[in-house]
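# Observations on the model geometry
Residues per chain are reported as follows:
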Amino acid sequence: DVKVTQSSRYLVKRTGEKVFLECVQDMDHENMFWYRQDPGLGLRLIYFSYDVKMKEKGDIPEGYSVSREKKERFSLILESASTNQTSMYLCASSPAGEGTEAFFGQGTRLTVV
Amino acid sequence: GQSLEQPSEVTAVEGAIVQINCTYQTSGFYGLSWYQQHDGGAPTFLSYNALDGLEETGRFSSFLSRSDSYGYLLLQELQMKDSASYFCAVRDRGGGFKTIFGAGTRLFVKA
């Protein structure tokens, strides 16, 4: 079974802190994605990566950065956390090519206080 | 840019059939996917349509009309466990194969 593992299920951080969200997949997928999910807004793409060290901005990249040093790991970084970044963060991975299924991690519920 | 429109909520009774519609606007369309998400869970893949027509997988079917930029998910013989949120998603060629999701449709199945 494909497994996408996010490092934390729940996280509470203070405003201004640097926050790292880690995601690891075990199926050698080329593509990895970070989304945030907020009520009524669905899943909004923050960043995605289609290869090691390659990254592309999604629809809401402001305030975030990413790192993909190894194929299996994709990290989301909040450089200086703010309260409007309180959200559910979902990592996903998929094989290369069209029409491929995305597999999601269980999510990290981040609260910034 | 890209956008997807789907109803926010749908209610149906157990055993009935329900259709969840999705219209999309995207610069480089490759296909339409559907995902299911139960409360507290991760989204899980249901189906993918790249070509026009109906794809059937058990009780669930998905339809696509590329000329109308429209698709739907059809759920038959509804069960209580089908109560969940359903998201349509497009694979967009605008800068890699990024996947963009709609806001989701909350399905309530009543006894």
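Right above here is the structure, for reference.
Notes on the structure in this doc start here.

Conventions used here
Residues numbered from 1 in each chain as written. Chains lettered and ligands numbered in written order. Predicted model: local features only at pLDDT ≥ 70, side-chain atom pairs only at ≥ 80, totals over all residues. Heavy atoms only, no water. Helix = DSSP H or I, 4+ residues; strand = E, 2+ residues; numbered from the N terminus. Rg over C-alpha atoms; globule rule 2.2 N^0.38 Å. Buried < 20%, exposed > 50% of the residue type's maximum accessible area, 1.4 Å probe, protein only. Contact = heavy atoms within 4.5 Å. Lys, Arg positive; Asp, Glu negative; His and termini not counted. Charge placed at Lys NZ, Arg CZ, Asp CG, Glu CD. Buried area = accessible area lost by both parts, 1.4 Å probe. Polar contact = N/O pair within 3.5 Å; in protein donor to acceptor, adjacent residues only side chain to side chain. Pairing = 2+ DSSP bridges. Axes fitted to C-alpha atoms, helices over the stretch in contact; angles between N-to-C directions. Disulfide = S-S within 2.5 Å.

Summing up its helical and strand segments, chain B has zero helices and 11 strands in all. Start at the N end of chain B and walk to the C end: the helices and strands fall as β-β-β-β-β-β-β-β-β-β-β. Whereas a compact globule of 111 residues would reach a radius of gyration of roughly 13 Å, chain B reaches 14 Å, a difference of no more than 12%. Oriented by its inertia axes, the alpha-carbon framework of chain B measures out at about 45 × 30 × 20 Å. For chain B, with 111 residues in total, the buried portion stands at 50%. In chain B, the proportion of contacts linking residues at least 24 apart, taken out of those at least 6 apart, comes to 57%. Within chain B, one finds 8 positive and 11 negative side-chain charges whose respective centroids are separated by 7 Å.

Facing 25 residues of chain A, the contacting portion of chain B comprises 21 residues. Of the roughly 1,800 Å² buried between chain A and chain B, counting both surfaces, carbon and sulfur atoms make up 55%. Counting across the chain A and chain B interface gives four residue pairs in polar contact (both at pLDDT 80 or more). Only strand 4 (31-38), strand 5 (42-51), strand 6 (54-57) and strand 9 (87-94) of chain A provide two or more residues apiece to the side of chain A that touches chain B.

Another aspect to go through is the sheet that holds strand 3 (residues 18-25) of chain B. All names here are of chain B. As summarised here, the arrangement of the five strands in space is 1-3-8-7-6, forming an open sheet in which the pairing is antiparallel. Each edge of the sheet is formed by a strand with only one pairing partner; in this case those strands are strand 1 (3-5) and strand 6 (53-57). Direction aside, neighbouring strands of the sheet carry axes that sit 20 degrees apart on average. Relative to strand 8 (residues 70-75), strand 7 (residues 60-65) runs antiparallel, the two sharing six bridges. Each residue of the ladder has a partner; that of Phe 60, found in strand 8, is Leu 75.

What follows is about the pairing of strand 8 (residues 73-78) of chain A. Residue and element names in this part refer to chain A. In terms of burial, strand 8 is largely enclosed, as five of its six residues are buried. When strand 3 (residues 19-25) meets strand 8, the two strands line up antiparallel, connected through six bridges. Looking across to strand 8, one finds that Glu 22 is bridged to Ser 75. In this structure, strand 7 (residues 64-70) lies alongside strand 8, joined through five bridges in antiparallel fashion. What sits directly across from Lys 70, in strand 8, is Arg 73. In sequence, strand 7 turns back onto strand 8 through a hairpin of two residues.

Its place among the elements puts Ser 94 of chain A in strand 9. Apart from the residues within four sequence positions on either side, Ser 94 of chain A is in contact with His 29, Glu 30, Asn 31, Phe 33, Thr 100, Glu 101 and Ala 102 of chain A together with Arg 91 of chain B.

Moving on: the state of the cysteines. Disulfide: a covalent bond connecting the sulfur atoms of a pair of cysteines. All names here are of chain B. Applying the stated criterion across every chain, the model contains two disulfides over all chains. Through a disulfide, Cys 22 is tied to Cys 88; the S-S separation comes to 2.1 Å. On the sign convention where negative is left-handed, the bridge of Cys 22 and Cys 88, at about 75 degrees about the S-S bond, is right-handed. With a gap of 66 residues between them, Cys 22 in strand 3 and Cys 88 in strand 9 (residues 84-92) connect regions that are remote in the sequence. Note on Cys 88: relative accessible area 0%, which makes it buried.

Our focus in this paragraph is the environment of Glu 77 of chain B. Residues and elements named next belong to chain B. In this fold, Glu 77 is placed in the loop between strand 8 and strand 9. What makes Glu 77 exposed here is its relative accessible area of 54%. Spatially, the C-alpha atom of Glu 77 lies 16 Å from that of Leu 46, the residues being 31 residues apart in sequence. Leave out the neighbours within four places in its chain, and Glu 77 touches Gly 15, Ala 16, Arg 59 and Asp 82.

None of the figures reported here should be taken as evidence of function without further support.
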